[in-house]
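Residue-level structural notes
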Amino acid sequence: ALPAISTTNTSPHPPTSSSPPITMSLSIYQLLGDLSLAASFLVLIYQLAIKHEAGGISRKTQELYLAVFMLRYINIFGMHPTAYSAFIKFFCITASLWIISVLRFPIGQLRYTTNPDQDGCNHWLFVVIPSLIFTLLTEAIAPLEKFRLIEFCFTYSLFLESMALIPQLFIMHFQRNNVWETDMYVFFVGLYRCMYVANGIFRSPFDENHQRVVTVHICGFMQWLIILAAWFIRRCHKERSQTEGGDFLHQGNNSLYNLLEEHDEENAENRALIPSFMLDDEGEPIVHSSPSPRGSVHHV
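Read on for a plain summary of the structure. Since the model is a prediction, treat every value here as computed from it, not as a measurement. Within each chain, residues carry numbers counting from 1 in the order of the written sequence. Predicted model: local features are reported for residues with pLDDT of at least 70 only, side-chain atom pairs are reported and counted for 80 or more only, and whole-chain, interface and lining totals are derived from all residues. Neither water nor hydrogens contribute to the side-chain values; these are computed over all heavy atoms in the structure.

Let's talk about the overall build of the protein chain
Strands here are runs of E lasting at least two residues and helices are runs of H or I lasting at least four, both read from the DSSP assignment and numbered beginning at the N terminus. Assigned secondary structure in the protein chain consists of 8 helices and 2 strands. Each helix and strand of the protein chain, ordered N terminal to C terminal, gives the series β-β-α-α-α-α-α-α-α-α. Partly exposed describes any residue whose relative accessible area lies between the buried limit of under 20% and the exposed limit of over 50%, with all areas from a 1.4 Å probe on protein chains only and scaled to the type maximum. For the protein chain, with 300 residues in total, the buried portion stands at 37%. Counted over contacts in the protein chain with a minimum sequence separation of 6, partners at least 24 positions apart contribute 74%. In this description, accessible areas are obtained by the Shrake-Rupley approach with a 1.4 Å probe, and a residue is regarded as covered only by the protein chains that are shown. For the protein chain, the computed accessible surface area is about 18,000 Å², with 66% contributed by carbon and sulfur atoms. The contact criterion used throughout is that any non-hydrogen atoms of two residues lie within 4.5 Å.

Thoughts on the nonpolar core
Ranked by internal contacts, the top residues of the largest apolar core, which has 39 residues, are Phe-41, Leu-48, Tyr-65, Phe-69, Leu-165 and Tyr-185. If you list the elements that add at least two residues to this core, you get helix H1 (28-50), helix H2 (59-72), helix H3 (83-104), helix H4 (123-141), helix H5 (149-162), helix H6 (166-174) and helix H7 (180-203). No other element matches the 8 residues that H3 contributes to this core. In contact with Phe-41, not counting residues within four places along its chain, are Gln-62, Phe-69, Phe-91, Cys-92, Ala-95, Ser-96 and Ile-99. For this analysis, a nonpolar core means a set of buried residues of the types Ala, Val, Leu, Ile, Met, Phe, Trp, Tyr and Cys, connected via side-chain atoms within 4.5 Å.

Digging into the packing of H1 against H7
Structural elements are reduced to axes, namely lines fitted to C-alpha atoms, with helices fitted over the stretch in contact, and the angle between N-to-C directions of any two is expressed from 0 to 180 degrees. Running from N to C, H1 and H7 cross one another at 165°; their axes reach a closest spacing of 8 Å. The angle between the axes of H1 and H7 places the two elements in the roughly antiparallel class. Like other packed secondary-structure pairs, H1 and H7 cross with a definite hand, here left-handed. When an angle is under 35 degrees it counts as roughly parallel; over 145 it counts as roughly antiparallel; between 65 and 115 it counts as roughly perpendicular; any other value is oblique. Each crossing is labelled by how the near helix is turned from the far one, with a counterclockwise turn of less than a right angle marking it left-handed and a clockwise turn marking it right-handed.

Details of the packing of H4 against H5
For the pair H4 and H5, the least separation of the axes is 8 Å and the interaxial angle reads 130°. Considered as vectors, H4 and H5 are oriented oblique to each other. Relative to H5, the crossing made by H4 is right-handed. Contacts between H4 and H5 involve Val-127, Val-128, Ser-131, Leu-132, Phe-134, Thr-135, Leu-136, Thr-138 and Glu-139 from the former and Glu-151, Phe-152, Thr-155, Tyr-156, Phe-159 and Leu-160 from the latter. For the contact of H4 with H5, the residue count by class is 9 nonpolar, 4 polar and 2 charged. Only Asp, Glu, Lys and Arg are considered charged, only Ala, Val, Leu, Ile, Met, Phe, Trp, Tyr, Cys and Pro nonpolar, and every remaining residue, Gly among them, polar.

So, the side chain of Ser-157
One can find Ser-157 in helix H5. Exposure remark for Ser-157: the relative accessible area of 0% places this residue in the buried category. Once residues within four sequence positions are removed from consideration, Ser-157 is found in contact with Val-68, Leu-71 and Arg-72.

Let's talk about the pattern of salt bridges
By convention in these notes, a salt bridge is any Lys or Arg side-chain nitrogen within 4 Å of a carboxyl oxygen on Asp or Glu. All told, the structure shown has 5 salt bridges when counted by the stated rule. One salt bridge connects Glu-161 with Arg-72, and the closest N-O pair in it is separated by 2.7 Å. With a gap of 89 residues between them, Glu-161 in helix H5 and Arg-72 in helix H2 connect regions that are remote in the sequence. Taken as a pair, Glu-161 and Arg-72 share a single burial class, namely buried. Arg-193 serves as the salt-bridge partner of Glu-161, at 3.3 Å between the closest nitrogen and oxygen. Of this pair, Glu-161 sits in helix H5 while Arg-193 sits in helix H7, and the two are 32 residues apart along the sequence. A relative accessible area of 1% means that Glu-161 is categorised as buried. In this structure, a network of salt bridges that share partners links the residues Arg-59, Glu-63 and Arg-104.

Observations concerning the packing of aromatic side chains
The aromatic pairing rule takes the rings of Phe, Tyr and Trp, using the six-membered ring of Trp, and pairs them if the centres are within 6.5 Å, calling planes under 30 degrees apart stacked, those over 60 edge-to-face and the rest tilted. The full count for this structure, using the stated rule, is 10 aromatic pairs. Between Phe-69 and Tyr-73, the ring centres sit 6.2 Å apart and the planes meet at 5°, which makes this aromatic pair stacked. For the residue pair Phe-69 and Tyr-73, the accessibility class agrees, reading buried in each case. An angle of 35° between the planes, with centres 5.7 Å apart, marks the rings of Phe-134 and Phe-159 as tilted. With Phe-134 in helix H4 and Phe-159 in helix H5, the pair connects residues that are 25 residues apart, well separated along the chain. By relative accessible area, which is 33% here, Phe-134 ends up partly exposed. Note on Phe-159: relative accessible area 5%, which makes it buried.

This is the structure we're talking about:
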């Protein structure tokens, strides 16, 4: 059944200049997407607040997501949001601010698990500037009747969000021992984007701003391609490391076996020169050492 049409703008998307502020009620896809996004934040909060472990979390990714929320909700007080929408926006912004502050100013045990050098991805070069270029190209290809700052910020937030996970994936690719929280975080973020792509497809017949619909779909698929490509590269890298490690151990075992064989042959030649009275019943040389506390003599 199609959801009901309301006369107030409860969507986080800004209305277009050519259409009245008519939006649809909350869909199951948007609800699942919001729950997935909240779950991703809760995973990081659990890792930082309960486990006191900051390793593997990219502060740059969290700063990019904070910029996404601030750009997307720039007109939060002018859209007359519902209590649910206002709560989701408030939770996303406050959770991002808390995570960034903990990572930037760690205290207690977190100081020993935070390594700023591991977050070495140049997010300005690989995320911020390309997102701005894509936004300008989108506005140039399909310009609106009148330039609106809110629409421009919303489009920029879509492209910025589609590539915000790159610093996090960068850390996960080069870090050997990943904690399960970072994997779950990326999973929930990917699920959130998948649900919102489905929500955009579901609502596209009711949205008169076709440019925004196409942009939402493109950015959603871009983020999924980035996640899948990073997962594939990481899996290949892991299999290659295991293979190389196995070959190294196999070669090491063979080398050790050859060394032991050479040592046994050398010992056999040396034993042939030892007089028989200096050998025990098993043919091993008798080595007398200092008596043990019990007075026994050690045979080596």
